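# Breakdown of the fold
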Amino acid sequence: MLQNYVLGRCLLPMASSRTERKDIRDEIENMLTAIDEDCGSARAWTYTLHDNG
């Protein structure tokens, strides 16, 4: 889970638009949930995805 999270977070600064950043965030959440449904949706994983616009 950590590897997928870090990889996704590294892609965020390269996003060229707000829509692309949202798509990347959604994909990170989907990957984490696919790996472990309960833990993937935990606030610990998703907090930093949505706290900085």
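Before reading on, note that the structure itself is shown above.
## Some details on the overall build of the chain
Along the backbone of the chain there are four helices and zero strands. Its C-alpha radius of gyration of 10 Å places the chain within 12% of the 10 Å reference for a compact globule of 53 residues. Principal-axis analysis of the C-alpha atoms gives the chain an extent of 30 × 20 × 15 Å. In the chain, which comprises 53 residues, the share counted as buried stands at 21%. Across the chain, every contact between residues at least 6 apart in sequence was considered, and the portion connecting residues at least 24 apart equals 53%. Counting every atom, the chain has about 3800 Å² of accessible surface; 54% of that belongs to carbon and sulfur. Here the chain carries 6 positive and 9 negative side-chain charges, and the mean point of each set is 11 Å from the other.

## Side note on the environment of L2
Within the secondary structure, L2 is located in helix α1 (residues 2-11). We classify L2 as exposed; its relative accessible area is 54%. On a C-alpha basis, the gap between L2 and L32 in space is 8.7 Å, while along the polypeptide they are 30 residues apart.

## Overview of the packing of α1 against helix α2 (residues 18-35)
For any two helices packed against each other, the geometry is given by the interaxial angle and the distance between the axes. Look at α1 against α2: their axes get within 9 Å of each other, and the N-to-C directions meet at 175 degrees. By the angle between their directions, the pair α1 and α2 is classed as roughly antiparallel. Mapping the contact onto sequence places N4, Y5, G8, R9 and L11 in α1 and I24, I28, M31, L32 and I35 in α2. Each residue belonging to the contact of α1 with α2 can be placed in one class, and the counts come to seven nonpolar, two polar and one charged.

## Considering the pattern of salt bridges
Per the stated rule, a full pass over the model turns up one salt bridge. For the salt bridge of D26 with K22, the shortest nitrogen-to-oxygen distance reads 2.7 Å. Of this pair, D26 and K22 are both found in helix α2, four residues apart, which corresponds to roughly one turn of the helix. Among the residues examined, D26 registers a relative accessible area of 25% and is labelled partly exposed.

What counts, and at which threshold
Residues numbered from 1 in each chain as written. Predicted model: local features only at pLDDT ≥ 70, side-chain atom pairs only at ≥ 80, totals over all residues. Heavy atoms only, no water. Helix = DSSP H or I, 4+ residues; strand = E, 2+ residues; numbered from the N terminus. Rg over C-alpha atoms; globule rule 2.2 N^0.38 Å. Buried < 20%, exposed > 50% of the residue type's maximum accessible area, 1.4 Å probe, protein only. Contact = heavy atoms within 4.5 Å. Areas by Shrake-Rupley, 256 points an atom, 1.4 Å probe, with all protein chains shown as cover. Lys, Arg positive; Asp, Glu negative; His and termini not counted. Charge placed at Lys NZ, Arg CZ, Asp CG, Glu CD. Axes fitted to C-alpha atoms, helices over the stretch in contact; angles between N-to-C directions. Parallel < 35°, antiparallel > 145°, perpendicular 65-115°, else oblique. Nonpolar A, V, L, I, M, F, W, Y, C, P; charged D, E, K, R; others polar. Salt bridge = Lys/Arg side-chain N within 4 Å of Asp/Glu carboxyl O.

Bear in mind that shape data such as this cannot, by itself, settle questions of function.
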